[in-house]
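One letter stands for each residue in the lines below.
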Amino acid sequence: MLLLEPRPEPSRVMRTVTPFIAVILTMAAGAVLFAFLGTNPLDAIRVFFWDPLFDSTVASYTRPQLLVKAAPLIIIALGLSFGFRAGIWNIGAEGQFIMGAITGGGFGLAFYPAEGFWVFPMMILAGAFGGFLWAMIPAILKIRFHANEILVSLMLVYVAFNVLAEMVTGPLRNPDGFNWPESRHFQDYPSAHNAELLSGTGIHFGVIAMFALVVLCFLVLRNHIFGFQVRLAGQSQRAARFAGIDAALLTAMCLGLSGALAGMAGLFEVAGPAGKLSTNFPLGYGFTAIIVAFLGRLHPVGILLAGLLMALTYIGGELAQFTLNIPAAAVQVFQGMLLFFLLAVDILVNFRIRWKRPSGDRSGSEPALAGASAAPSAPLTARARDGKEGQT
């Protein structure tokens, strides 16, 4: 029987290199997957990881897209990392991402066609507030009724999607959109548009906010009392209680922070790259950000690198669909393999596999005990035989 036995002291070096090992294993398993689909594995890996950066025919378009795709992933993952470090599991960032887009975008559209520098900053605040409020639902239910935040936050994703569908077919529907389920286009509303700041770079306000938040989160985790409380709660809940940390307040702060950042990311996306609210707006960024957070080891700098890598797989996946006819589902499986292998390698870093014989199987083991137990059996058998002969 195979058992997982905790290692007394997991290797710090191995914990550092496991993301790289997971990436290599993902590429190897992905190559097998693409081979089964009838695609040359080397061509597929090249299209995923090389062509978006270095192929002269497409790189001029795909390189700027790297920051565009990475920005929402990194912003959401930064917020999630605080809760994950403290053992608070917000799995519903996708719903908070959607609600931030609705509240922030709706705020801007409410003032259409107003002009002024104040419109877009207020939209950012409204988006963050919308995500914050949506995250407070599982926070309050957990604090007041001990509900499982994983289930509540996840179920609220589907509620948020239905709210989005209701809004784009009702109050936020474009009056000039020929009854399509979508809002006005933010490109036609300069005061509310998250436009590209430098042509051909992909840099918009969301990208700038992403880099600023990486630095801010690093400083908070390292130097602020809130970062200390998060780290302590994640290492030992009992020690956190002895230190006087309010578990309810910490839960609300972690969920609220992750919701606010997810909502902010939603606003940057809808006012910029997406350009409008529609039923096709949810892109799965909230779920993919979970992979980014763990791949980056819940560290701001690691999350930055992991977000860029995941954005590369998004762009490479789109290229693979067009150039190699790889199904979109296969691309999603390839991305999911990354988290699978990361968790698998983490298990081997933190546990050792040990073989243990089943308790009922004594064959080949404990010979002295086996011999001792066999000794009295012969006289007992002889007496039983004599008894039967006497009866006869």
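One can find the structure itself at the top, above this paragraph.
Colleague: Could you clarify how one ought to interpret the overall build of the chain in this entry?
Modeller: Within the chain one finds 16 helices and 2 strands. Seen through its principal axes, the chain has C-alpha atoms that stretch 115 × 55 × 45 Å. Considering only intrachain contacts with a sequence separation of at least 6, the fraction spanning at least 24 residues in the chain is 77%. When the accessible area of the chain is evaluated, it comes to approximately 20,200 Å², of which 67% is carbon and sulfur surface. Put simply, the chain has 25 plus and 21 minus side-chain charges, and the middle of one group is 14 Å from the middle of the other.

Colleague: Can you help me understand the packing of helix α1 (residues 12–36) against helix α2 (residues 41–49) in this one?
Modeller: For any two helices packed against each other, the geometry is given by the interaxial angle and the distance between the axes. Viewed as axis vectors pointing N to C, α1 and α2 meet at an angle of 125°, and their least axial separation amounts to 8 Å. Taken as axis vectors, α1 and α2 run oblique relative to one another. Judged by the sense of rotation from one axis to the other, the crossing of α1 with α2 is right-handed. Note on element contacts: α2 touches α1 through Pro-41, Ala-44, Ile-45, Phe-48 and Phe-49, opposite Met-27, Ala-31, Phe-34 and Ala-35.

Colleague: Teacher, can you tell me more about the state of the cysteines here?
Modeller: Disulfide: a covalent bond formed between the sulfur atoms of two cysteine residues. Taken as a whole and judged by the stated rule, the model has 0 disulfides. In this structure Cys-217 is a free cysteine whose sulfur lies 11 Å from that of Cys-254, the closest cysteine sulfur available. Judged by relative accessible area, Cys-217 falls into the buried class, the value being 7%.

Colleague: Would you mind going over the side chain of Ser-153 with me for this structure?
Modeller: Of note, Ser-153 is situated in helix α7 (residues 149–168). A polar atom in the side chain of Ser-153 sits 2.6 Å from the backbone oxygen of Glu-149. In this view, Ser-153 contacts Trp-89, Asn-90, Ile-91, Gly-92 and Pro-138; residues no more than four positions away in its chain are not counted.

Colleague: I would appreciate a short explanation of the pairing of strand β1 (residues 2–6) in the present structure.
Modeller: Within a regular beta strand, the side chains point alternately toward one face of the sheet and then the other, so they alternate between its two faces. Little of β1 sits out of view: just 0 of its 5 residues are buried. As judged from the 5 bridges shared by β1 and strand β2 (residues 351–355), these two strands associate in the antiparallel manner. Along β2, the bridge assignment pairs Pro-6 with Phe-351.

Colleague: Sorry, what's going on with unusual backbone geometry here?
Modeller: Of all residues except glycine, most have a negative phi; of all peptide bonds, most are trans. Note that the residue after Tyr-112, namely Pro-113, is joined by a cis bond; omega there is 0°. Positive phi outside glycine occurs at His-146, with the angle close to 60°. With respect to the element layout, His-146 can be found in the loop between α6 (119–145) and α7. Judged by relative accessible area, which is 69%, His-146 ranks as exposed. A positive phi is found at Leu-298, a non-glycine position, where the angle reads about 60°. Along the chain, Leu-298 falls in the loop between α12 (285–295) and α13 (300–323). Classification of Leu-298 by relative accessible area gives buried; the value is 13%.

Colleague: Please clarify how α12 should be interpreted in this entry.
Modeller: Counting buried residues in α12 gives 9 out of 11 residues, a clear majority hidden from the surface. Turning to α12, its buried residues number three or more, namely Tyr-285, Gly-286, Thr-288, Ala-289, Ile-290, Ile-291, Val-292, Ala-293 and Leu-295. Among the structural elements, α1, α4 (59–86), α5 (93–110), α11 (247–271), α13 and α14 (328–350) are those in contact with the buried residues of α12.

Colleague: Help me understand the packing of aromatic side chains, please; the structure alone is not making it clear to me.
Modeller: Within this structure, the stated rule accounts for 20 aromatic pairs. Where Phe-34 meets Phe-334, the ring centres are 5.5 Å apart and the plane angle is 40°; that geometry is what we call tilted. Of this pair, Phe-34 sits in helix α1 while Phe-334 is found in helix α14, placing the two residues 300 residues apart along the sequence. Counting every residue linked through ring pairs, the aromatic cluster contains Phe-34, Phe-48, Phe-49 and Phe-334. For the cation-ring pair, Arg-144 lies above Phe-145, with the distance from its terminal atom to the ring centre recorded as 5.2 Å.

Thresholds applied
- Residues numbered from 1 in each chain as written.
- Predicted model: local features only at pLDDT ≥ 70, side-chain atom pairs only at ≥ 80, totals over all residues.
- Heavy atoms only, no water.
- Helix = DSSP H or I, 4+ residues; strand = E, 2+ residues; numbered from the N terminus.
- Contact = heavy atoms within 4.5 Å.
- Areas by Shrake-Rupley, 256 points an atom, 1.4 Å probe, with all protein chains shown as cover.
- Lys, Arg positive; Asp, Glu negative; His and termini not counted.
- Charge placed at Lys NZ, Arg CZ, Asp CG, Glu CD.
- Axes fitted to C-alpha atoms, helices over the stretch in contact; angles between N-to-C directions.
- Parallel < 35°, antiparallel > 145°, perpendicular 65-115°, else oblique.
- Left-handed = near helix turned anticlockwise from the far one by under 90°.
- Disulfide = S-S within 2.5 Å.
- Buried < 20%, exposed > 50% of the residue type's maximum accessible area, 1.4 Å probe, protein only.
- Polar contact = N/O pair within 3.5 Å; in protein donor to acceptor, adjacent residues only side chain to side chain.
- Pairing = 2+ DSSP bridges.
- Phe/Tyr/Trp six-rings, centres within 6.5 Å; stacked < 30°, edge-to-face > 60°.
- Lys NZ or Arg CZ within 6 Å of the ring centre and 35° of its normal.

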